[in-house]
Amino acid sequence: MKLPPEERNADSTVEPPDFSTLDEPNDIVQTGRTRDQIYTTVLQLNEPATVAEIAERAGPGVDATREYVRWFADLGLVSQTQDQPEQYVVNRAYLHWRRANRLSTEYSEAELVSHLQTVTEDLEQYRAAFGAANPGDIAIHEFADEHGRDVAAVWKDVSAWETAQERRDVLARALEMARQSGGPAESIDPVDDTELEV
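Residues numbered from 1 in each chain as written. Predicted model: local features only at pLDDT ≥ 70, side-chain atom pairs only at ≥ 80, totals over all residues. Heavy atoms only, no water.

Another aspect to go through is helix H5 (residues 92-106). The end-to-end C-alpha separation of H5 is 21 Å, in line with the 21 Å expected for 15 residues at 1.5 Å each. Among the residues making up H5, those that are buried are Tyr94, Leu95, Arg98, Arg99, Ala100, Asn101, Arg102, Leu103, Ser104 and Thr105. Capping of H5 at its N-terminal end is provided by Asn91; its side-chain oxygen lies 3.2 Å from the backbone amide nitrogen of Ala93. (Helix = DSSP H or I, 4+ residues; strand = E, 2+ residues; numbered from the N terminus. Expected span 1.5 Å × (residues − 1). Buried < 20%, exposed > 50% of the residue type's maximum accessible area, 1.4 Å probe, protein only. Polar contact = N/O pair within 3.5 Å; in protein donor to acceptor, adjacent residues only side chain to side chain.)

And the structure:
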């Protein structure tokens, strides 16, 4: 076998590269689409966050994040709370509208009334069990002490009560939308909202 010419051989005085300093392949190649990563992140924005903070949580760069967050703001999914630096928070009212819209197109008025009746009965049971009109009226720790219950169990019940109230509100809005439109029809919302269940 013939050896390569001397000028093609590696310089023996140069240190080989330190491959341990390179990024892990999984850190470079991200799973999922950029839009989906940012979408998932903005759905969790209960407090205003800057574009840089959203980018840090979501993974993509700041420029891509800014572009998508501005698009989400145009759609109404997020609201801008500050200009410099840009800050955004999720628009819960829009999410409720989308959820109600989806339900109004997928269920008949009779089905919506049935779901609404069930959740209304659940709410009456919560009111009776806690002796209060709303879950916000419950001081969880005090209630647990007074009734000899575990704080975690009371918190779980109060959280379920809050969820039932939200479900009632969305179902009532969906029923109203269905009545105005005449029942199930094609959804007018093109954004995938499979994460929003009845």
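Before going further, it helps to spend a moment on the packing of aromatic side chains. Aromatic ring pairs are defined here through the distance separating the ring centres and the angle between the ring planes. By the definition in use, this model includes eight aromatic pairs. Pairing Phe130 with Phe143 gives two aromatic rings, centres 4.7 Å apart and planes at 40°, and the pair type is tilted. With Phe130 in helix H6 (residues 109-130) and Phe143 in helix H7 (residues 140-147), the pair connects residues that are 13 residues apart, well separated along the chain. A single burial state applies to Phe130 and to Phe143, both of which are buried. A centroid spacing of 5.4 Å and a plane angle of 20° characterise the contact between Phe130 and Trp161, whose relative ring orientation is stacked. Of this pair, Phe130 sits in helix H6 while Trp161 sits in helix H8 (residues 151-181), and the two are 31 residues apart along the sequence. With respect to burial, Phe130 and Trp161 carry one shared label: buried. (Phe/Tyr/Trp six-rings, centres within 6.5 Å; stacked < 30°, edge-to-face > 60°.)

Moving on, we come to the pairing of strand E3 (residues 87-90). Neither face of E3 is exposed, since Gln87 and Val89 on one face and Tyr88 and Val90 on the opposite face are all buried. In terms of strand pairing, strand E1 (residues 49-50) meets E3 through two bridges, oriented antiparallel. Within E3, the position partnered with Thr50 by the bridge is Gln87. With four bridges connecting them, strand E2 (residues 78-82) and E3 associate as antiparallel partners. Counterpart to Ser79 in the pairing with E3 is Val89. Counting the residues in the hairpin turn of E2 and E3 gives four residues. (Pairing = 2+ DSSP bridges.)

Running from N to C, H7 and H8 cross one another at 120°; their axes reach a closest spacing of 9 Å. The angle between H7 and H8 places the two elements in the oblique class. The hand of the H7/H8 crossing is right-handed. When H7 is examined against H8, the residues Ile140, His141, Phe143 and Ala144 are found in contact with a partner set consisting of Val151, Val154, Trp155 and Val158. Its residues assigned to classes, the contact of H7 with H8 comprises seven nonpolar, one polar and no charged. (Axes fitted to C-alpha atoms, helices over the stretch in contact; angles between N-to-C directions. Parallel < 35°, antiparallel > 145°, perpendicular 65-115°, else oblique. Left-handed = near helix turned anticlockwise from the far one by under 90°. Contact = heavy atoms within 4.5 Å. Nonpolar A, V, L, I, M, F, W, Y, C, P; charged D, E, K, R; others polar.)

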